[in-house]
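# Structure assessment
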There are 2 protein chains.
Amino acid sequence: MASTPARHPPVMADVARAAGVSHQTVSRVLNDHPNVRPETRTRVLTAIDQLGYRRNLLARALVTKHSRTLGVVSFDTVLYGPASTVYGIERAAREAGYFVSIVSLRTIDRAGVRDAVDYLAGQSVDGVVVVAPQRSAARALADLPPDLPAVAVEGGHSGDVSVVSVDQAEGGRLATQHLLDLGHATVWHVSGPADWMEAEGRAEGWRATLRAAGRPVPEPLAGDWSPRSGYEAGRVLAGTDGVTAVFVSNDQMALGVLRAFAERGVRVPEQVSVVGFDDIPESAFFSPPLTTVGQDFGAVGRRSIEVLVRQIESSRAGPRERFVVPPRFVARASTAPLR
Amino acid sequence: MASTPARHPPVMADVARAAGVSHQTVSRVLNDHPNVRPETRTRVLTAIDQLGYRRNLLARALVTKHSRTLGVVSFDTVLYGPASTVYGIERAAREAGYFVSIVSLRTIDRAGVRDAVDYLAGQSVDGVVVVAPQRSAARALADLPPDLPAVAVEGGHSGDVSVVSVDQAEGGRLATQHLLDLGHATVWHVSGPADWMEAEGRAEGWRATLRAAGRPVPEPLAGDWSPRSGYEAGRVLAGTDGVTAVFVSNDQMALGVLRAFAERGVRVPEQVSVVGFDDIPESAFFSPPLTTVGQDFGAVGRRSIEVLVRQIESSRAGPRERFVVPPRFVARASTAPLR
DNA sequence: GTATGCGTTGTTAGCGTTCACAGTCGTGCT
DNA sequence: AGCACGACTGTGAACGCTAACAACGCATAC
């Protein structure tokens, strides 16, 4: 009966002994090296199986200099958008054979992003994905360690990292054009926070579409993504003459707008049409069901990992890439032709 | 001018050379060992600073057997509840000095959980948090590696791991009692999926409260957490006589119920009172604003990390603990006294 | 028969850190 | 003076793995 030398998990040397080969041969089998005799390979494999051996990835990372771990820096991962993006990233990374280490920031500023990346770099991540939807965060991309592969999600084009994002301006255009096509003279806008690039992009698409159609551009109302801010904007709009169409920068705020309108007796879509953005799972069941613009967060996550992994696995001086995922318009019951 | 020996990041030996000490002394400074002369310490510290040295956590983990990384296995991290929980876990872990490696499962079954834990164990995590709200996932806790510190969130009491959870039954009781106090003869229920323990707990609290008050217990309607399933349940309830109060197992389904009622001309709360569960950010702006039961996910995250870290840092044969976080009732406008 | 080559295996030396142990020095005691 | 003891520091050997090289056997070629 073989003495059990230790209660510690078996290491490569144990496998080697059991299979009657050297530890290096075990390593070769594990790493699919070509020149191992089939018979030897199976002997090693059965030894691995019998001992329940699992290779120590830490030791491997120490010598290969690759941890096969990716860092993700995100912000407010409770919001639907960031949560979905991070989910997509995690899934794609795992499919590509990478672990994911996550840091969620409360406030996203230059120092915060830098600290988070430092923290992750200390853990020897092979690369980082920074979900940087705010202008301040995008600026922080400029002082990433230059030798660390990185990709920004929704990060704008500052700094020299690759960027994957949804075409927010196109989304704003789709929403606004839809409302104009319904016969509305112009479209009001409830925007997201000023420093968010997504908010800017959506507002820009809205403004450009109105301009191109030769319509007046009303002063946008500023929100902060929260239902409450939408509610407050909605109260203002309900008390403003001539408002027949509103493009709200996200679905949560649109919910607030609908609520304010309901309280004031403004009927949607009969009197005012409302379009949101994000297509959260709830929006199909708002009262009325919300016309909105959907984003494919899964695609964003997949793309970003694709770009990052390519950057890691090729020479690291890869050219920065730029990937734009198109939004998709979702028509529901909160919009109607002007009568 | 000191020659730069390599473009590689500096290691402990480089610092030692610069400070004129041995690598071991550098290690001692880094680990706050007591017996280092203050002058030597500052010399080492300045050398570290000058070289921009950062200690290699991989090498450290290899020898100490502690990676200071925690694994998190979760399910459907796009939902508000799991997303918030994971967020709380991540934050608490980082504050405790641990990294967090996340695996998000699509389907959560015994094999899935085991694979995920194996995967994480291969990365040498010091412990795992399993967010296991489904009965099948809770069962999977039984075959976790016995020597791996673990804590289950919302995981029931099967297996012998510590559990942190919100008192779902108490939440169900609060909701139901509130409706009874308003004078309703009984309370209908739209439940979550059958195999979710949270759904079970809430239903149990509801049922027990009705029984204790000697009220009839209507057959619950089964949902799947989605707004759509709530909508369908709502249509059934709208067509059922004698329904004056409904306790819905989460806010998303409650939204669907409200929508169905609105379509059928059932006025809330005048004709029917509705209570949800979760207190998602949107629910204050539903039409009408939703009375609901909130869960402190942040507390759940903090507690679970607390328990896990204690288990890791003490002898690993810690007794399994059980932590219950109380829910909190949130009164809004979707409930009213029966007239 | 020796040379050349390839397929296969083993040996050795790291990767960057911590741990165990062994020094060295100065201080206080007998 | 001699000794013990504490504070401080250095040396060597791990941790578990892969990379580089060396060595072996055997076939093929000259």
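Description of the structure in this document. What you see as residue numbers is a count from 1 along each chain, following the sequence as written. Each chain is given a letter, starting from A, and each ligand a number, starting from 1, according to the order in which they appear as written. Side-chain atom pairs in this predicted model are given and counted only at pLDDT of 80 or more, local residue features only at pLDDT of at least 70, and totals for whole chains, interfaces and linings cover all residues. Hydrogens and water are ignored here; the side-chain numbers use all heavy atoms of the structure.

### Details of the protein's contact with DNA strand D
A single heavy atom is enough: if one lies within 4 Å of a molecule or strand, its residue is considered near that molecule or strand. Neighbouring DNA strand D are 27 residues, the closest being Met-12 and Tyr-53 of chain A together with Arg-28, Thr-40 and Lys-65 of chain B. Among all atoms of DNA strand D positioned within 4 Å of the protein, those belonging to sugar or phosphate total 63%. In protein, a polar contact requires one atom able to donate a hydrogen and another able to accept it; more generally it is a pair of N or O atoms within 3.5 Å, and residues adjacent in sequence count only if both atoms are side-chain atoms. Measuring from a phosphate oxygen of DNA strand D, one finds a side-chain N or O atom of Tyr-53 of chain A at 2.3 Å. One of the side-chain N or O atoms of Arg-60 of chain A is found 3.1 Å from a phosphate oxygen in DNA strand D. In DSSP terms, a helix is any run of H or I states spanning at least four residues, a strand is any run of E spanning at least two, and both are numbered starting from the N terminus. Broken down by secondary-structure element, the contributors of at least two residues to the surface near DNA strand D are α2 (23-30) and α4 (57-64) of chain A together with α2 (23-30) and α4 (57-64) of chain B. For the surface near DNA strand D, the element with the most residues is α4 of chain A, which contributes five residues. Side-chain classes are defined by residue name, with Ala, Val, Leu, Ile, Met, Phe, Trp, Tyr, Cys and Pro counting as nonpolar, Asp, Glu, Lys and Arg as charged, and the others, Gly among them, as polar. When its residues are assigned to classes, the surface near DNA strand D shows 10 nonpolar, 12 polar and five charged.

### Let's talk about the packing of aromatic side chains
Residues and elements named next belong to chain A. Stacked, tilted and edge-to-face are the three classes applied to pairs of Phe, Tyr and Trp rings, where Trp contributes its six-membered ring and a pair requires centres within 6.5 Å; stacked means planes under 30 degrees apart, edge-to-face means over 60, and tilted covers the rest. A full pass over the atoms with the stated rule returns 12 aromatic pairs over all chains. When the ring of Tyr-80 is compared with that of Phe-297, the centres are 5.8 Å apart and the planes differ by 85°; the resulting orientation is edge-to-face. Taken together, the residues Tyr-80 in helix α5 (residues 80-95) and Phe-297 in helix α12 (residues 297-313) connect sequence positions 217 residues apart. Three labels apply to residues, based on accessible area from a 1.4 Å probe with only protein chains included: buried if under 20% of the type maximum, exposed if over 50%, partly exposed otherwise in between. Residue Phe-297 is classed as buried on the basis of its relative accessible area, which comes to 10%. We call a charge positioned over a ring when the NZ of a Lys or the CZ of an Arg lies within 6 Å of the ring centre and within 35 degrees of the ring normal. Taking NZ or CZ as reference, Arg-68 lies 4.4 Å from the ring centre of Tyr-98, over its face.

### A few points about the protein's contact with DNA strand C
The immediate surroundings of DNA strand C are formed by 27 residues, with Ser-22 and Thr-40 of chain A together with Met-12, Ser-27 and Tyr-53 of chain B found nearest. Of all DNA strand C atoms lying within 4 Å of any protein atom, the proportion belonging to sugar or phosphate reaches 61%. Between a phosphate oxygen of DNA strand C and a main-chain N or O atom of Ser-22 of chain A, the distance comes to 2.8 Å. Here Arg-60 of chain B contributes a side-chain N or O atom positioned 2.9 Å from a phosphate oxygen of DNA strand C. Listing elements by their share of the surface near DNA strand C, those giving two or more residues are α2 and α4 of chain A together with α2 and α4 of chain B. Looking at the surface near DNA strand C residue by residue, the class counts come to 10 nonpolar, 12 polar and five charged.

### Remarks on the environment of Arg-54 of chain B
Among the secondary structure elements, Arg-54 of chain B is positioned in the loop between α3 (38-51) and α4. Separated by 43 residues in sequence, Arg-54 of chain B and Val-11 of chain B place their C-alpha atoms 7.6 Å apart. At a separation of 2.9 Å, a polar atom in the side chain of Arg-54 of chain B contacts the main-chain carbonyl oxygen of Asp-118 of chain A.

### Considerations on the side chain of Gln-168 of chain B
All names here are of chain B. By the secondary structure assignment, Gln-168 is in helix α8 (residues 168-181). Among the residues examined, Gln-168 registers a relative accessible area of 5% and is labelled buried. Within the structure, the side chain of Gln-168 is placed 3.3 Å from the side chain of Glu-154, a separation counted as a polar contact. Among the polar contacts listed, one links the side chain of Gln-168 to the side chain of Arg-202, at a separation of 2.7 Å. Note on contacts: a residue pair is in contact if any heavy atoms of the two residues lie within 4.5 Å. The contact partners of Gln-168, leaving out residues within four places of it in the chain, are Glu-154, Glu-198, Gly-201, Arg-202, Phe-277 and Gln-295.

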